[in-house]
Amino acid sequence: MKTIKVLLVLAILLCSKTIFANDSKMNDLPKTETITVEIQKILKNSNLEFNEEVSANVYFTINNKSEIVVLSIDSDSDELEQFLKYKLNYCKIQAEGMAPGRKYLIPVKLVASI
């Protein structure tokens, strides 16, 4: 009976250690809100208008100069793809926690203009 209790306590300690170890890795990831806010600032004052809502997934990385390097854009709209490449490629970004060389994905949605 005593060995069962010891094994149970040991199992609980091992599980709790792995849970806390995974939590520290989450702090190393960039905050999505800061990345989103930075990209919203870049795309804010555009004269691009659409009759319907369009969206795209932008895959990018950050170079050593803290610039966005667009890798690819998945969208049904060619006009939106060209616009996003023009506006985002090699644009400086100041989001904290962005690691150079790491790949990121940001969904972008533009609402229809009335």
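Pairing geometry for strand S1 (residues 54-62) and strand S3 (residues 103-110), over eight bridges, is antiparallel. Opposite Tyr59, over in S3, you have Leu105 as the bridge partner. Looking at chain direction, S1 and strand S2 (residues 68-75) are connected through seven bridges and run antiparallel. Opposite Tyr59, over in S2, you have Ser72 as the bridge partner. Counting the residues between successive antiparallel strands, the hairpin from S1 to S2 contains five residues, one of them, Ser66, with a positive phi of roughly 60 degrees.

Glancing now at helix H3 (residues 78-88). Every buried residue belonging to H3 is among Leu80, Glu81, Phe83, Leu84 and Leu88, and all of these are buried. Seen from one end, H3 has its buried residues packed into an arc of 165 degrees, which puts them on one side. For H3, the exposed residues lying more than 90 degrees away from the buried face are Asp78, Gln82 and Tyr86.

Ordered in space as S2-S1-S3, the three strands form an open sheet in which the pairing is antiparallel. If you trace the sheet from one side to the other, it starts and ends with S2 and S3, each paired once. Taken over all neighbouring pairs, the strand axes of this sheet differ in orientation by 25 degrees on average, direction set aside. With respect to the sheet, H3 is in contact with S1, S2 and S3, its orientation differing from that of S2 by roughly 170 degrees.

Rules used throughout
- Residues numbered from 1 in each chain as written.
- Predicted model: local features only at pLDDT ≥ 70, side-chain atom pairs only at ≥ 80, totals over all residues.
- Heavy atoms only, no water.
- Pairing = 2+ DSSP bridges.
- Helix = DSSP H or I, 4+ residues; strand = E, 2+ residues; numbered from the N terminus.
- Buried < 20%, exposed > 50% of the residue type's maximum accessible area, 1.4 Å probe, protein only.
- Arc of directions from axis to C-beta.
- Axes fitted to C-alpha atoms, helices over the stretch in contact; angles between N-to-C directions.
- Contact = heavy atoms within 4.5 Å.

Interpretation note: all reported values are geometric properties and have no functional meaning in isolation.
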